[in-house]
Amino acid sequence: MDRLEAMSLFVAAVEAGSLSAAARHLGMPLATVSRKVSELERHLNTRLLNRSARRLTPTDAGQAYLAACRRILDEVGEAERAAAGEYSTPRGELVVTAPIVFGRLHVLTVVTDFLAAYPEVDIRLTLSDQITHLLDEHIDLAVRIGDLPDSSLVAIRVGVVVCASPAYLAAHGTPQTPGALAAHSCITFENLSAPATWTFADGKSEVAVPVRSRLRVNTAEAAIDAAIGGVGLTKVLSYQVAVAVRSGALQAVLREFEPPPWPVSLVHAGQGLLPVKLRAFLDFAAPRLKERLTQAMW
């Protein structure tokens, strides 16, 4: 029995949710995948998988073995990349994730410039506002916004701003304090704020004020478009609305009550020696993101 192959098939089966899905993904016969996983269970003298008609799940022993398999396979892969020269010349695929709007406005441009500078590196860029687990999703680097431990910080911070169209403010008045929002129509971007209360700075502490969310949306673009359309006030991150504010389509309000800004971070698993492709991207992206964000602030 090829133990490394069996470990790989076991991991693939768990990640795919079924033996048949793993077989399709790997381009192998289902019977081969099933036989090799069964051989692994016999070798270990324990059941690794709970098999049902709907989904494959690891047993308690399988869960512990799964973590060990992933660690062993990662170490083997790292050794092979080192032997192949990946640690001397940037090459191979780099998997990067970033928030949707930030990724589209800033990360994508940096990625395209990086690809031009490093022709032997390919990048898979996933834009999502959901926080993903780097090891589980096999992600090399994540761009995150917020206070995080153990990250490489881009030396710029982004804030949270409240804004509305000049036409809305002319018709309904400009709020001078957070408490005045109770009398206004609000547009809530659900990934950033709760629909019933928005948080503001009050000296060194925070205060939550009630708002009426006449519209709730799940993307910043929708919130900004609705605010430009005069629906009400919205609360978004500064980089998301910078273009609209600079153009005069939106006007920022309550600036003195904004909470402390958040840092932009480049996060990676950071286990062992970093591949040159990742080190090269970190060195390439950090100063360029800083420059872009500095130019984007108003």
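Residues numbered from 1 in each chain as written. Predicted model: local features only at pLDDT ≥ 70, side-chain atom pairs only at ≥ 80, totals over all residues. Heavy atoms only, no water.

A. Layout of the overall build of the chain. A tally of helices and strands in the chain yields nine helices and 14 strands. For 298 residues, the compact-globule formula gives about 19 Å, and the C-alpha radius of gyration of the chain, at 24 Å, lies well above that figure. With respect to the three principal axes, the spread of C-alpha positions in the chain is 75 × 45 × 35 Å. Taking the intrachain contacts of the chain between residues at least 6 apart in sequence as the baseline, contacts between residues at least 24 apart amount to 74%. Working note: accessible area of the chain is about 15,200 Å², and carbon and sulfur atoms make up 52% of it. The averaged location of the 30 negative side-chain charges in the chain is 4 Å from the averaged location of its 29 positive side-chain charges. (Helix = DSSP H or I, 4+ residues; strand = E, 2+ residues; numbered from the N terminus. Rg over C-alpha atoms; globule rule 2.2 N^0.38 Å. Contact = heavy atoms within 4.5 Å. Areas by Shrake-Rupley, 256 points an atom, 1.4 Å probe, with all protein chains shown as cover. Lys, Arg positive; Asp, Glu negative; His and termini not counted. Charge placed at Lys NZ, Arg CZ, Asp CG, Glu CD.)

B. Here's a closer look at the pattern of salt bridges. Counted under the stated rule, the structure contains nine salt bridges. Close ionic contact of Glu15 with Arg70 constitutes a salt bridge, the shortest N to O distance being 3.3 Å. A residue pair is termed long-range when its members are at least 10 positions apart, and Glu15 in helix α1 (residues 3-16) and Arg70 in helix α4 (residues 60-83) qualify at 55 residues. Given the relative accessible area of 37%, Glu15 is considered partly exposed. Between Arg255 and Glu258 there is a salt bridge; the shortest N-O distance is 2.2 Å. (Salt bridge = Lys/Arg side-chain N within 4 Å of Asp/Glu carboxyl O. Buried < 20%, exposed > 50% of the residue type's maximum accessible area, 1.4 Å probe, protein only.)

C. Expanded view of the sheet that holds strand β7 (residues 160-164). One open sheet accounts for five strands, arranged β11-β8-β12-β7-β13; its pairing is mixed. Each end of this open sheet is capped by a strand with a single partner; those strands are β11 (212-217) and β13 (251-253). Each neighbouring strand pair of the sheet contributes to a mean axis angle of 40°, computed without reference to strand direction. The sheet contact formed by strand β8 (residues 185-189) and strand β12 (residues 233-237) spans two bridges and is parallel. Across the sheet, Ile187 pairs through a bridge with Thr234, a residue of β12. Across the sheet, helix α7 (residues 220-228) lies against β8, β11 and β12, angled at about 160° from β8, the strand it touches most. (Pairing = 2+ DSSP bridges. Axes fitted to C-alpha atoms, helices over the stretch in contact; angles between N-to-C directions.)

D. Layout of the packing of α1 against helix α2 (residues 19-26). With their axes 8 Å apart at the nearest point, α1 and α2 run at an angle of 115° to one another. Between α1 and α2, the interaxial angle falls into the category roughly perpendicular. As for how α1 packs across α2, the hand of that crossing is right-handed. Of the residues in α2, those touching α1 at Leu9, Ala12, Ala13 and Ala16 are Leu19, Ala21, Ala22 and Leu26. Of the residues belonging to the contact of α1 with α2, the class tally is eight nonpolar, no polar and no charged. (Parallel < 35°, antiparallel > 145°, perpendicular 65-115°, else oblique. Left-handed = near helix turned anticlockwise from the far one by under 90°. Nonpolar A, V, L, I, M, F, W, Y, C, P; charged D, E, K, R; others polar.)

E. Geometry of helix α3 (residues 30-44). The end-to-end C-alpha separation of α3 is 21 Å, in line with the 21 Å expected for 15 residues at 1.5 Å each. One or two positions beyond α3, positive phi appears at Asn45, with a value near 60°. (Expected span 1.5 Å × (residues − 1).)

F. View of the confidence of the model for the chain. Model confidence for the chain is summarised by a mean pLDDT of 87, while 92% of its residues fall at 70 or above. Highest mean pLDDT in the chain belongs to helix α6 (residues 166-172) (97); lowest belongs to strand β6 (residues 152-158) (58). (pLDDT = per-residue confidence, 0-100.)

G. Quick peek at unusual backbone geometry. If you check the backbone angles, Asn45 has positive phi at about 60° while not being a glycine. Mapping Asn45 onto the fold places it in the loop between α3 and β1 (49-51). One non-glycine residue, Leu254, lies in the positive phi region at around 55°. By the element assignment, Leu254 lies in the loop between β13 and β14 (262-267).

H. Layout of the environment of Gly103. For Gly103, the position within the fold is in helix α5 (residues 100-117). Since its relative accessible area comes to 0%, Gly103 is described here as buried. Linking Gly103 and Ala68, residues 35 residues apart in sequence, is a C-alpha distance of 33 Å. Not counting the four nearest positions on each side in its chain, Gly103 is found in contact with Ala98, Leu108 and Leu127.

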